[in-house]
Amino acid sequence: MPTTYALLSTYPPTQCGLATFTAALLAHLAQPGDQVAVVRVLDEPAPCPADEVVHDLVAGSVASASAAAAVLNGFDVVIVQHEYGIYGGPDGQDVISLLDALYVPSIVVLHTVLAHPTSRQRVILDEVIAAASVVVTMTQTARSRLLDIYGTAPEKVFVIPHGAADHRTAASDHRTAASDHRTAASDHRTAASDHRMTVPAQTTGRPTVLTWGLLGPGKGIEHAIDSIALLREHGLDIDYQVAGQTHPRVLGRDGEAYRRALQAQARAGGVADRVHFDGRFLPGATLSQLIGAADVVLLPYDSLEQVTSGVLIEAVTAGKPVVSTCFPHAVELLGAGLLVERQDPAGIAQALYRVLTEPGLSARMSSYSATLAPQLLWPAVAHSYRELASAITMTRAGTPL
């Protein structure tokens, strides 16, 4: 039987992770006969270029919230993206009254589950969970937090991974060139005990390390730049690509101060010619090419709270070796990469050195990632949302979940 879905979230042309997530879910969710529409969350009114957007929820507007609830109640299932910063009121508390106004089944997707919330954040999440028919986390770590810290009933929490586009073709096209770097370094190993590095001259192009995503403090790029300088001092010359525009909220508050500080740091560290910034919000095809051309993906994040990373999922599904700090989502995908302590340039340098020089390591990491990819690509993820939506609508009709 056809199903109608309403997605409540930010949405392109807004440039943020939730908007990108929602656009991808919309593209893969509908089966023949289904309808999928968006109620778009905005900070202020804006033109709407997309036919699938049926209403705007403007933060702080009681009238738009009331109208949004009426629109959402005209669908079979509502899928709500939750993040503290996108809804009106302190910590986005206005979403609670909207959820309470829904009388159709709702799936609330939790992009952040804090281990140490403030009192208000704790109350908000408790009330969001209570108002939802079910909640979705994207990792087992986040689900465990809900059960252990928030006391959420296990039967109300489902794990559906963050989806990813299929970048494997671009990654495959790059493997021949990438293998040249590994062949040139294949006879050279790191002495892990004392971090001594002896690296051969590069016989082909320089290896490329990639970090992408919205830029802002907390991304740890400064520690990555220091690691590139350390490797250069020890004879391993690397191109480090930092792709992505400054986060809109950071841009509004601080302008490009963080990016300028990173550029100054690269100059001071003698690696300005090796650290490259692309400040665009990259379309899918361009991003796919960039990922395909990378030898290693680096996630040097400062946060110890992050339970979901779309960048990590995209890197894994592309079959790329990943070096990451120990944030929860990366720990959960341990087999797909090397973990380092946060704010540790020497540790990052050592891990990058290993991936680029240790025989067979990069291939093993890519092989492990390939086993994870099928369940992480958007078609599989959308299928899980369809199944969950079907289950909660059947429960509403009287069939147990």
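As the structure is a prediction and not an experimental result, all values here were calculated from the model.

Chemist: What's the story with the overall build of the protein chain in this structure? I'm lost.
Modeler: Looking only at helices and strands, the protein chain features 15 helices and 13 strands. Buried residues in the protein chain amount to 52% of all 401 residues. Long-range contacts, defined here as pairs at least 24 residues apart, represent 73% of the contacts in the protein chain between residues at least 6 apart. For the protein chain, the accessible surface area stands at approximately 16,600 Å², while carbon and sulfur atoms represent 54% of it.

Chemist: Looking at this model, I keep getting lost on the pairing of strand E1 (residues 4-9). Mind explaining?
Modeler: Along a regular strand, successive side chains alternate from one face of the sheet to the other. Of all six residues that make up E1, six are buried, and the element is covered over most of its length. The alternating pattern of E1 places Thr4, Ala6 and Leu8 on one face and Tyr5, Leu7 and Ser9 on the opposite face, and all of these are buried. Of the pairings in the sheet, the one linking E1 to strand E2 (residues 35-42) comprises six bridges and is parallel in character. Each residue of the ladder has a partner; that of Thr4, found in E2, is Gln35.

Chemist: In this structure, what is going on with the environment of Asp166? I would like to understand it.
Modeler: The topology assignment puts Asp166 in the loop between strand E7 (157-159) and helix H6 (168-185). Taking the C-alpha atoms as reference, Asp166 lies 8.0 Å from Glu314; in sequence the two are 148 residues apart.

Chemist: Please clarify how the environment of Thr317 should be interpreted in this entry.
Modeler: On the secondary structure map, Thr317 appears in helix H11 (residues 310-317). With 56 residues separating them along the chain, Thr317 and Ala373 place their C-alpha atoms 4.5 Å apart. Of note is the side chain of Thr317, whose polar atom sits 3.1 Å from the backbone oxygen of Glu314.

Chemist: Please explain the pairing of strand E8 (residues 208-212) as it appears in this structure.
Modeler: Burial within E8 is extensive, with four of its five residues counted as buried. Direction of pairing for E8 relative to strand E9 (residues 239-243): parallel, over a ladder of five bridges. Among the inter-strand pairings, Val209 is bridged to a residue of E9, identified as Tyr240. A crossover connection joins E8 to the parallel E9 through helix H7 (residues 221-233); in handedness this β-α-β unit is right-handed.

Chemist: Before we go on, may I ask you to explain the confidence of the model for the protein chain in this structure?
Modeler: Any segment with low pLDDT has predicted coordinates that should not be analysed in fine detail. In this model, the protein chain carries a mean pLDDT of 88, and residues with pLDDT of at least 70 account for 88%. Predicted confidence is poor over residues 174-204, with pLDDT under 50, and the contacts of this stretch with residues over four places away or in other chains come to 53 contacts.

Chemist: What is the right way to look at the side chain of Ser366 in this model?
Modeler: Tracing the backbone through its elements, the reader meets Ser366 in helix H14 (residues 361-376). In this structure Ser366 comes out as buried when scored by relative accessible area, which is 17%.

Chemist: Any chance you could explain the packing of aromatic side chains here in plain terms?
Modeler: Per the stated rule, a full pass over the model turns up two aromatic pairs. Seen in terms of ring centroids, Phe21 and Trp378 are 5.1 Å apart; in terms of plane orientation they differ by 75 degrees. Their pairing is edge-to-face. Of this pair, Phe21 sits in helix H1 (residues 17-29) while Trp378 sits in helix H15 (residues 378-396), and the two are 357 residues apart along the sequence. Trp378 shares its class with Phe21; the two are buried. The ring of Tyr301 has Lys219 lying over it, and the distance from NZ or CZ to the ring centre is 4.9 Å.

Chemist: Mind showing me how you'd approach the pattern of salt bridges here?
Modeler: Side chains carrying opposite charge are able to pair once their charged atoms draw close together. Considering all chains together, one arrives at 14 salt bridges under this definition. The shortest N-O distance in the salt bridge between Arg274 and Asp237 comes to 3.1 Å. Here Arg274, found in the loop between helix H9 (257-268) and strand E10 (275-278), pairs with Asp237, found in the loop between H7 and E9; they are 37 residues apart in sequence, far enough to count as distant. Neither Arg274 nor Asp237 differs from the other in exposure class; each is buried. Put simply, Arg280 and Asp278 hold a salt bridge, and the shortest N to O gap is 2.7 Å. Connected via shared salt-bridge partners are Arg232, Asp237, Asp273 and Arg274.

Chemist: What is the right way to read the sheet that holds E2 from this model?
Modeler: The strands that make up a sheet are held in pairs by hydrogen bonds between backbone atoms, and each pair lies either parallel or antiparallel. With respect to topology, seven strands assemble into an open sheet ordered E3-E2-E1-E4-E5-E6-E7, the strand pairing being parallel. The open sheet has two free edges, formed respectively by strand E3 (53-58) and E7, since each of these has just one partner strand. The mean inter-strand angle of the sheet, taken between neighbouring strand axes irrespective of direction, is 25 degrees. Across three bridges, strand E5 (residues 106-110) lies against strand E6 (residues 134-137) in parallel orientation. Following the sheet pairing, Ile107 is matched in E6 by Val134. With respect to the sheet, H1 is in contact with E1, E2 and strand E4 (77-82), its orientation differing from that of E1 by roughly 170 degrees. Relative to the sheet, helix H4 (residues 119-131) contacts E4, E5 and E6, its axis offset from that of E5 by approximately 150 degrees.

Chemist: Where do I start with the packing of H11 against H14 in this structure?
Modeler: The relative placement of two packed helices comes down to the angle between their axes together with the axis-to-axis distance. It is at 8 Å that the axes of H11 and H14 come closest, and there the two elements cross at 120 degrees. Comparing their axes, H14 and H11 come out oblique. On the side of H11, the interface is formed by Ile313, Val316 and Thr317, while H14 contributes Ser369, Leu372, Ala373 and Leu376. Per-class residue counts for the contact of H11 with H14 are five nonpolar, two polar and no charged.

Chemist: Any chance you could explain the sheet that holds E9 here in plain terms?
Modeler: The six strands are arranged E10-E9-E8-E11-E12-E13 in an open sheet whose pairing can be described as parallel. At either end of the open sheet lies a strand with only one pairing partner, and these are E10 and strand E13 (337-340). Direction aside, neighbouring strands of the sheet carry axes that sit 20 degrees apart on average. Strand contacts of helix H13 (residues 345-357): E8, strand E11 (296-299), strand E12 (322-325) and E13, with the helix running at about 165 degrees to E13, the strand carrying the most contacts.

Parameters at a glance
Residues numbered from 1 in each chain as written. Predicted model: local features only at pLDDT ≥ 70, side-chain atom pairs only at ≥ 80, totals over all residues. Heavy atoms only, no water. Helix = DSSP H or I, 4+ residues; strand = E, 2+ residues; numbered from the N terminus. Buried < 20%, exposed > 50% of the residue type's maximum accessible area, 1.4 Å probe, protein only. Contact = heavy atoms within 4.5 Å. Areas by Shrake-Rupley, 256 points an atom, 1.4 Å probe, with all protein chains shown as cover. Pairing = 2+ DSSP bridges. Polar contact = N/O pair within 3.5 Å; in protein donor to acceptor, adjacent residues only side chain to side chain. Right-handed = clockwise from strand over helix to strand, strands pointing away. pLDDT = per-residue confidence, 0-100. Phe/Tyr/Trp six-rings, centres within 6.5 Å; stacked < 30°, edge-to-face > 60°. Lys NZ or Arg CZ within 6 Å of the ring centre and 35° of its normal. Salt bridge = Lys/Arg side-chain N within 4 Å of Asp/Glu carboxyl O. Axes fitted to C-alpha atoms, helices over the stretch in contact; angles between N-to-C directions. Parallel < 35°, antiparallel > 145°, perpendicular 65-115°, else oblique. Nonpolar A, V, L, I, M, F, W, Y, C, P; charged D, E, K, R; others polar.

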